[in-house]
Structure formats: C-alpha cells, structure tokens
Amino acid sequence: MTKRRTPRNEEKGSSGICGGRSWVARKGRRGARRGMRRRGLRGSAAGGRGWRVKVKTRTPRNEERGSSRGSSFAEKERLGPRERKGRWRSGGRRRVRRSGGGLRVRVQCGEAVFVDECGGAASIGGACWITWTNKLQDSETSLSPFPQSVPYFFSSNFSATITPPSSHSLTTTTTMAAGAIFLSILFLLISSSAAASSPESRPQTFIVHVSKSHKPALFSSHRDWYASILPHPSALLYTYSHAAAGFSASLTADQASRLLRTPGILSVVPDQIRHLHTTHTPSFLGLSPSSPLSLNSANGDGVIIGVLDTGIWPLHPSFDDAAFPAAAADKIPAKWRGICESGKDFPAAACNRKLIGARAFYKGYESYRGRPIDETVESKSPKDTEGHGTHTASTAGGSLVTNASLFGYASGDARGLAPSAWIAAYKICWSPGCFDSDILAAFDQAVDDGVDVISLSVGASYAPPYDSDSIAIGAFAAARKGIVVSCSAGNSGPGAYTATNIAPWILTVGASTVDRDFPADVVLGDGSVHAGVSLYGGAGLPEGELLPLVYSADCGSRYCYSGYLDPVKVKGKIVLCDRGGNARVEKGASVKLAGGIGMIMANTDLEGNELLADAHLIPATMVGATEGDKIREYIQSAASPTATIQFRGTVIGEGTSPAPKVASFSSRGPNRVTPEILKPDVIAPGVNILAGWTGAAAPSDLEIDPRRVTFNIISGTSMSCPHVSGLAALLKGAHPDWSPAAIKSAMITTATTVDNAGENIKDLASGKGTTPFVYGAGHVVPNGAVSPGLIYDLNTTDYVSFLCSIGYSASRIAVIFGEPIASDACEHAAALAAGPGDLNYPSFSVVFKPKFDVVTYKRVVKNVGSSVDAVYELKVNAPTNVDVKVSPSTLVFSKESPSLAYEITFSSSVVGFSNAATQSFGFVEWSDGVHKVRSPIAVQWRQGGSVESI
C-alpha cells in the first residue's frame, strides 16, 4: 500500500464554534453526508444557532487556514436547515433524529441538569449525559453516554473540560448562571471501524492526574501503585513524575469511570491530538559574532535546547560537531542526564558533541492505532522523516553552515540563533499529529534530562483550559525548574481569539516577515506587471514569449484540485488558481498533470497580500489578493489573455517592502482563556525561513516530487517559535541566574512596534497598522533584551494566586502543579491578587464591563541595570477613551531597594458602553535615560456574552 504524504503547506481548516459555518468535503453537501454516514454521524448547521462540523483526516505540518486535511480537500459551505435523518447508535439505544437549526444542548451531570443554547456547565460529579432538543420539531432525545463516544468522569466538585480523544471535534462553550463553571463539550466524529464496536468496550488512551501523596506505603514506587489500580499492568503507557504527577493508560470508558473513584485520583482526561503549527534572519535580528548579545552569551555556549517536534535528521550539517572540539564533550554539564536513544535507522552514534540527546515518544500514537507503528512507513526512532523537526532545531541552535541555499535562493551562511548551544531532540509527532500523552511524556523526560530551554511548535486548534491542556501542564513544571518554554501561537489567523499556548508561564510567539523577498513577477499581455514570489528552481518559461492564460474556475476547479482540471482547456497554458482548499504546491502539481506549463496562485480576501514562497514543481508564483483581482479582470476582459512569469532570485534589504509585517496566518488575541493576560507575547521571523531539512522528504512534501534538499524554505509560527527559543538560550547564557519569567520580561519590554522604515508595523491581512492583540509587545530585539534595565519577575506563589483569581479550586490547581496544594491556599492567595490582571506580567490587558469602568493593577519591577541607584521616570501613552494614572510616577532604586512596586489605574472615560469603541491601545514606558522599559496596554469594552476566563 502506498502512503500518501500530505504536503507541508496544505491549507488548514478551523475548529468549530457554535453558530459558525460548516466545512464539508469538496464533493459538496451530498459527499459530506456520505462521509458522515460512514462515521455513524448525522450533523447539521443552520445559520445562527446550529452546529459547526469540521470534516478532516489529518492536519498539515506547516498549517494554514482554509482547508481540511487528507485525500478529500474541503471547501466552505453552509449546510442548510434541511433535516438530516439518521441514527446514532450507542449500546442498542433507540433511533435519534436531529434537525438543522435551533439545536439546544442539555447537560446532566449527576443530579444537576443545565440547559443552554450551545452547551452547559456544572460542578461535575459522576458521569455526564447529553440531551439534544430540536426546537423546530419540539422533540427531545437523551443519550447516555455520548453517542459514538464515551462518558467523561471527574472527581466530586471538580470541574473541567470534557475532551474526547479525537482531532475531529465540534466545540461549544457557554456561560451559566452566577457561580457556574465553564464547560467545553467536544463531540467526536469517530471512524466507521470504531463505530462498529461498543464505545464502552473500546480501549483508548486516558491521562490520569494523581495526588502523589496518596500512594499507599506498601508500594515501593508510584509506578507499582499505578499498575495495581489498573485492570492490567500492560495497560500502563507512561508514568509522569517531572512534568506532571500521574500516568497514561489504555482504558475503556467504564474502566476510566471506576478508576476515578480511586482515592488520590484527581482527574481522568482523554488523550488529544495536537498539530504542528529560517540564513538571513540572525542578521535581520541584529545578531552577529560581535553583537552585544552574542558576546555576552558566547553564542549560547553551555545552554541545552530541547526541541519537541518530528525528530531530527542527525546527518544534517547544521548538527555537525566539527566546531566543537573533542574536549567539548567534557563541557556538557553534569546536570545533563539525557541519552541518544537508538533505533533501526538511528544508531546511538548518530548523536555527537552538538546533538547530545535524542528520544522518541510513540506509545500514545500506538494506543490510538491499536497496533504497533508500521516501520516500513514511519520511523519509530528519533529520526525525522518529515522535515519539520530538523527545520525548527536548526533554526534554534544549528551550527554554522556556509553556502546554504534552496535551489540557489537565500544563498549565504546558515546558522541558528544560538549556534554554540547543545541540541536535544524529542520526537513527539507522527502522521496523524502529536498526542497529548506523548507530549507530556516528552516534557517529563526533558525536564528530568536537564534542558535549559524547550521549543515546541505544536498546539491545539483552540486554547483549552489550563488544567486540561497537557502543553500548559508540562510547561508549568518546566518553568518551576527554571526552564524557558517557547511555543508557537498557531496558524489560524487572521481571526480574533485564535492564539493557542496562551498560559502565562509560556512564551507565546506570533510570526512576521523579514526584509528578504524571492520575486517572481507576472507580466500580462497588456504590459502590466504584478508582483509575486516563488522558489521554483527548474527551467523557466520560454524567454520573451507570452503564453495563453486561463482561470482555473473556467477549467473545472477554482482551487485546482487534482483530477478536476479539464486537460483540453489547460494544456500548454498558464493557469490562475485561487489559494485555499488544498496545498499550495499541490495546485501546481495538478496543473502539471492536466498538461499546463505554468501556474499563478492568487490570494483571496482572506489572505490579503501575504506572500509565501514555495518550491513549486512547475514555473509558478504567488500573488496577493489585490494583484489577483487585477489578473482575473484581465482574463475576463481580454479576447486572448496571455502572460509569463519572470523569476528574479533573491532580494535583500533595499528593494524589498518594509519589514517586519505580521503574517496573516499568525494567530491572534484577545486571550480566549484569560483576557486579562495579553497574548501573543511577541512576534519573530516566521515567513519564508530557510533552515535544515530532512533527507527523507521532498521540499514540497509531495510524493510525486523526487527532489531532495539540504535546506528548505517554509513559513509558519512553527518557524517563529524556534527563533525565540534560540534567543532565550542566548539570554540564558548571558544571565544564567534569570528566571524564565525574567527572560520573557526582557523580550517583551524591549520589543519594537516599528518596522525598518520607521513606520508602525503593519498586518499583511489588512495592509494596515496592527495592534497588541496581533503582535503582543511587538517584534523581538535581541540586543535590547540582553540589557532591559528592569524586569517583571514571577514565582510559584504568583501563579497560585493567578489560578485562584480565575476560580480554580485546590484540586484543579493540583493537576497543574503535579502535587497537592493546601485546601485554603486560595484564601491566602486572595491577599496577593484581587484578579488575574494583578499577575506581575510585563504587559497590560484591561477588560471594562458595564458597572466596572475602573480597573487597577499592581506591578513590581526589579532593577537589573548596571547602576544600582537608577531613577526611572514614567511616560504614558493612554489608549483612546481611557484615563491612565500610575503611582508613583518615579521609581528611585538603591542597593537596599532593588525592587519597587507601583499601581496603575485605568478608567473608562466613556459614559455608556454603546458609544465606545470595542478596543483601544496604548503603552507605559519607564526610562532612566539609558533603558526604555515599555509595556503595551490593550483595552476591551465588553457588554456581556463574550468569552470569559475558564
């Protein structure tokens, strides 16, 4: 059987939210219904208050918005209010009929029952039932447990998100009456094979969080205890002792229910699938061997970067240890406890003085498969056969490689941000994605191994509550050990509330452009020239000749789906294809198979004028939405439209558009979970980034592409994250005594909001100026971060106060902490933080609500400048319609007072929210004449019904 590799740049769909639009297979509504029938599902999504269903099979590594994954490529289409007749079967229960429009959800948890338009919440004890009420037919049907799924169980008085184990999800969130708790209900689209068996009897992976102190004394280890409470010891997959407290196991729903009644069990959470969300960039960031940060940090010498990704290609020159003398092996710190895990295609000798550790985590994936990994298709070792992990690792800490390029593009010296740092690779991602149980195991191991920085370009399709987010839980344990955790914000922009990995102890990174272009311009028959970009490296189009030009929508498929273009209309011509639906490079392959000789890919309004260069199989280029509209108009108006493409290589600096700009795909705030914490934190280079690549996959990731390369150019927040991870390694090297919060503070307060032309940073999605909800504090400035002047620091007590302030109980906090906390901890924490905005964060996010038009936050800053007697004066740029007062307005530090506190009060100056803008922005800046410590301010006015803290 031939494996179908899905291209790295395949377009991406969105997670479902109540009342939204549906995604269906490209064959249309009928095809979508057939796909649902195969999964034993009937769904509908009428306008307004309906269900929104995502139909997909696999999420692309370098995701973009706008498509589902797999052999069927999706287009957007709203399902109408027509009735979808069918059955859900669960243990022989009666037929269930659901209709589009007006669905209401009733949640019964124990004795409590709540009903709401799109979800429900409760303090949960016992199993949960769901009732769907069809308001159009006045009918009601109860199902217990969830159809085609499992019941979800939580400890008494413990509230948490219901998270079924699948990447196919439908999400609804609601707010109940006063005192209620928020509940996200994710309904599964289970495969037909799973539907054939009883859901209660089908084992699946659960992550079990425990109170370690409850271990009976008769057991010599926690592992022995865990094995004793499982139905069979072989069910145990992982034990967690560093990144969390507990284990993961393969269990049936009934076994999971019984397990929860065991003393010491805090929660039982189904496994989830997460998905994968660079030579000139060091120069663009101002880094060179003689730059202040490079000199102060010795280029990261002595720092260990742990990269959790698709593994690593050990033979890549970026991981060569020639620059590390034999004595370097003796310099590896004694704290390092990692190993080089061998496999069939990964000998222990694959590691060296640069790549000092490599491991693979696959038990969650194998449990999901129900059988061992097929090693003829996937490598079970740390070896990277996808490319993503090699790219991110070499971006963060790759060694210097001269004469690096992709087909001659971006030629120069390639090196990571911290080229002297050590690399440890942890393979967590497989063909369907990255499983929470494997991610948490990798966190657990990396913390124990002794890494200094963790780089993770992986995330959920939406931001879950912190205590059900394995990445947040693992990152918290790492932060407590002094490890900086840098994560990608996601590629679901430009919509609001799309940022993921948004826990305040995570450094969340968005993506931006650099001042390097790969121009490939379209010249039309009327003489007009339209700017585009491309990395095509083969023979060009006939020089000086204009070729026939057609629009793909007139040839069978607007998105140039493979097999849908009419060869009679395409042969020998250049085809204009619309972006979206399928992989960008696959559009060119489709044109080639239909006999076309060139391709122009045009953005739609969704992508705006964002340009992403790709290594196409045929002469091809990408143009923005504005240029695309002009080309379409020309095709429609010209009697015999013609065109050619002119490839102009690499252009750096002068002659390029101002940079940085925020990528339209970059996920944005406001923070979905806790709006009082500004996310993302910063932006960094993530568009058209050259870095190392695997020798096992083509640069296009198409199976029909025989090309193999040493370096590849790709885009995503997956690329921006390792830039910041490498920067964190440099700062760790320069300031080994700084905490993760201090390193984050240094990046945030020294970030810039202007481009290299001195103008405000713009958003590629709109072409206009952007805001802190899009870029956080701004673009990182490495040489500024090494000497920030002041820092905002945080410790474990601060995070306890924060979690208490958002309503977490002691048992929920214990899940995150990995250990029990005092039952009255929140009573003591209340004196430290009146609300989540009091967390000592280096930015300000303010939420005004009716009758709450004055907000006061407290902050403490520590002087880390060279002068212990520094005096800092205040500058305030208040957001429109907001009065800002700071007390005191002068900070006078001394040897006796290295840390000082201040209060900042925000007052809405608008009478009646209906007349106010929904958002406004500004900043406060402290300066001693040498340092400028800048904190962004983002303000929202909410009138109710918005996403709240969970």
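All values reported here derive from a predicted model rather than from experimental measurement. (Residues numbered from 1 in each chain as written. Predicted model: local features only at pLDDT ≥ 70, side-chain atom pairs only at ≥ 80, totals over all residues. Heavy atoms only, no water.)

### A short note on the overall build of the protein chain
Per the secondary structure count, the protein chain includes 20 helices and 50 strands. Taken across its 950 residues, the protein chain has 63% of its residues classed as buried. In the form shown here, the protein chain has an accessible surface area of approximately 32,600 Å², with 50% of it arising from carbon and sulfur atoms. (Helix = DSSP H or I, 4+ residues; strand = E, 2+ residues; numbered from the N terminus. Buried < 20%, exposed > 50% of the residue type's maximum accessible area, 1.4 Å probe, protein only. Areas by Shrake-Rupley, 256 points an atom, 1.4 Å probe, with all protein chains shown as cover.)

### Things to note about the pattern of salt bridges
In the structure shown here, the tally under the stated rule is 20 salt bridges. The salt bridge involving Lys335 is made with Asp452; its shortest N-O contact spans 2.2 Å. In this pair, Lys335 is assigned in the loop between β16 (304–309) and β17 (355–360) and Asp452 in the loop between α9 (436–449) and β23 (453–456), connecting sequence segments 117 residues apart. Two residues, Arg558 and Asp578, come together in a salt bridge whose shortest N-O distance is 2.6 Å. (Salt bridge = Lys/Arg side-chain N within 4 Å of Asp/Glu carboxyl O.)

### Topic: the packing of helix α18 (residues 796–805) against helix α19 (residues 810–817)
Two packed helices can be described by the angle between their axes and the distance between those axes. Running from N to C, α18 and α19 cross one another at 140 degrees; their axes reach a closest spacing of 10 Å. Viewed along their axes, α18 and α19 adopt a mutual orientation that is oblique. Crossing of α18 over α19 shows right-handed handedness. Where α18 abuts α19, its residues Thr796, Val800, Leu803 and Cys804 lie against Ile813, Ile816 and Phe817. Residue classes in the contact of α18 with α19 are distributed as six nonpolar, one polar and no charged. (Axes fitted to C-alpha atoms, helices over the stretch in contact; angles between N-to-C directions. Parallel < 35°, antiparallel > 145°, perpendicular 65-115°, else oblique. Left-handed = near helix turned anticlockwise from the far one by under 90°. Contact = heavy atoms within 4.5 Å. Nonpolar A, V, L, I, M, F, W, Y, C, P; charged D, E, K, R; others polar.)

### Notes on the sheet that holds strand β22 (residues 433–435)
In spatial order, the strands read β21-β22-β15-β24; together these four strands make up an open sheet with antiparallel pairing. Since the sheet does not close on itself, it has two edges, and those belong to β21 (429–430) and β24 (458–459), each with one partner. In this fold α9 packs onto β15 (273–276), β21, β22 and β24, with an angle of close to 65 degrees to the strand it touches most, β22. (Pairing = 2+ DSSP bridges.)

### Observations concerning the state of the cysteines
Overall, the coordinates contain four disulfides when judged by the stated rule. Here Cys340 connects covalently by a disulfide to Cys351, the sulfurs 2.0 Å from one another. Disulfide Cys340 to Cys351: torsion about the S-S bond roughly 80 degrees, handedness right-handed. Within this pair, whereas Cys340 is found in the loop between β16 and β17, its partner Cys351 is found in the loop between β16 and β17, the two being separated by eleven residues in sequence. Residue classification places Cys351 among the buried positions, given a relative accessible area of 13%. (Disulfide = S-S within 2.5 Å.)

### Side note on the nonpolar core
Formed by 69 residues in total, the largest nonpolar core has its most connected members in Tyr426, Ile428, Phe443, Ile454, Tyr466, Trp505 and Leu803. Counting residues per element, this core draws most heavily on helix α10 (residues 470–480), which supplies eight residues. If sequence neighbours within four positions are ignored, Ile428 has contacts with Leu308, Asp309, Phe361, Gly433, Cys434, Phe435, Asp438, Ile439, Ala442, Leu456 and Val458. Cys340, Ala393, Trp738 and Ile791 belong to the second-largest nonpolar core, a separate cluster that totals 43 residues. (Core = buried A, V, L, I, M, F, W, Y, C linked by side-chain atoms within 4.5 Å.)

### Things to note about α19
Counting buried positions along α19 yields six of eight residues, so the element is predominantly enclosed. If you check which residues of α19 are buried, you get Arg812, Ile813, Ala814, Val815, Ile816 and Phe817. Taken from the residues just after α19, Gly818 is the one with a positive phi, measuring 75 degrees.

### Structural notes on the side chain of Asp755
Relative to the helices and strands, Asp755 resides in the loop between α15 (740–749) and β41 (762–763). In this structure Asp755 is buried but unpaired, with Lys762 as the nearest side chain of opposite charge at 5.0 Å. There is a polar contact of 2.8 Å between the side chain of Asp755 and the backbone nitrogen of Ala757. For Asp755, the residues in contact, after removing those within four places along its chain, are Pro658, Ala659, Pro660, Asn760 and Ile761. (Lys, Arg positive; Asp, Glu negative; His and termini not counted. Polar contact = N/O pair within 3.5 Å; in protein donor to acceptor, adjacent residues only side chain to side chain.)

### Quick look at helix α14 (residues 717–734)
Given a rise of 1.5 Å per residue, 18 residues ought to cover 26 Å, and the 26 Å separating the end C-alpha atoms of α14 matches this to within 8%. Judged by how many residues are buried, α14 sits mostly within the fold: 17 of 18 residues are covered. (Expected span 1.5 Å × (residues − 1).)

### Quick word on the pairing of strand β13 (residues 246–251)
For β13, the buried fraction is high: five of the six residues fall into the buried class. Sheet topology note: the strand β11 (residues 204–210)/β13 ladder contains six bridges and is antiparallel. Along β13, the bridge assignment pairs Thr205 with Ser250. Relative to β13, strand β12 (residues 236–240) is paired through four bridges, and the arrangement is antiparallel.

### A look at the packing of aromatic side chains
Inspection of the entire model under this criterion finds 26 aromatic pairs. Between Tyr466 and Phe802, the ring centres sit 6.1 Å apart and the planes meet at 45 degrees, which makes this aromatic pair tilted. Of this pair, Tyr466 sits in the loop between β24 and α10 while Phe802 is found in helix α18, placing the two residues 336 residues apart along the sequence. The exposure classification of Tyr466 matches that of Phe802, with both residues buried. One aromatic cluster is present, formed by Tyr466, Phe476, Trp505, Tyr799, Phe802, Tyr808 and Phe817 through successive ring pairs. Against the face of Tyr808 rests Arg812, its NZ or CZ located 3.9 Å from the ring centre. The ring centre of Phe923 lies 4.2 Å from the NZ or CZ of Arg934, which sits over that ring. (Phe/Tyr/Trp six-rings, centres within 6.5 Å; stacked < 30°, edge-to-face > 60°. Lys NZ or Arg CZ within 6 Å of the ring centre and 35° of its normal.)

### Some points on the sheet that holds strand β44 (residues 854–863)
The four strands lie next to each other as β42-β44-β48-β46, forming an open sheet whose pairing is antiparallel. Strands at the two margins of the open sheet, each flanked by one partner only, are β42 (790–791) and β46 (882–887). In terms of strand pairing, β42 meets β44 through two bridges, oriented antiparallel. Note on β44: the bridge partner recorded for Leu790 is Asn863.

### Here we look at the pairing of β17
In terms of burial, β17 is a largely internal element, six of the six residues being buried. Where β17 meets strand β20 (residues 422–427), five bridges bridge the pair, whose relative direction is parallel. Opposite Leu355, over in β20, you have Ile423 as the bridge partner.

### As for the UniProt feature "active site" (unreviewed entry) in the protein chain
UniProt tags Asp309, His388 and Ser718 as "active site" (unreviewed entry). For the annotated residues, spread through 410 residues, the largest C-alpha to C-alpha distance comes to 9.9 Å, consistent with a single compact locus. Its location among the elements puts Asp309 in strand β16. Classification of Asp309 by relative accessible area gives buried; the value is 1%. (UniProt positions renumbered as here; feature names shortened; annotations may be inferred.)

### Details of unusual backbone geometry
With omega at 5 degrees, the peptide bond leading from Ala659 into Pro660 counts as cis. Mapped onto the elements, Pro660 comes out in the loop between β36 (651–652) and β37 (661–662). Note the cis peptide between Gly669 and Pro670, where omega equals 0 degrees. Relative to the helices and strands, Pro670 is located in the loop between β37 and β38 (682–685). Here the phi dihedral of Phe407 falls at roughly 55 degrees; this positive angle occurs in a residue that is not glycine. Checked against the element boundaries, Phe407 lands in the loop between β18 (401–406) and β19 (409–414).

### Side note on the environment of Thr650
Tracing the backbone through its elements, the reader meets Thr650 in the loop between β35 (642–647) and β36. In this structure, the C-alpha to C-alpha distance between Thr650 and Pro519, residues 131 residues apart in sequence, is 7.0 Å. Those residues in contact with Thr650 that sit more than four places away from it in its chain are Gly408, Tyr409, Ala410, Arg516, Asp517 and Phe518. Among the polar contacts listed, one links the side chain of Thr650 to the backbone nitrogen of Ala410, at a separation of 3.0 Å.

### Digging into the confidence of the model for the protein chain
Low pLDDT means the predicted atomic positions in that stretch should not be read closely. Looking at the protein chain as a whole, the pLDDT averages 80, with 75% of positions reaching at least 70. Of the regions scoring below 50 in pLDDT, residues 1–199 engages in 533 contacts with residues more than four places distant in sequence or in other chains. This model gives residues 945–950 a pLDDT under 50, and the stretch forms 20 contacts once residues within four places in sequence are excluded. (pLDDT = per-residue confidence, 0-100.)

### Examining the environment of Pro788
Along the chain, Pro788 turns up in the loop between α17 (782–785) and β42. Here Pro788 falls in the buried class, since its relative accessible area comes to 2%. It is 9.7 Å that separates the C-alpha atoms of Pro788 and Val930, two residues lying 142 residues apart in sequence. Beyond its immediate chain neighbours, meaning those up to four positions away, Pro788 contacts Trp738, Ala746, Thr749, Thr750, Val864, His931 and Val933.

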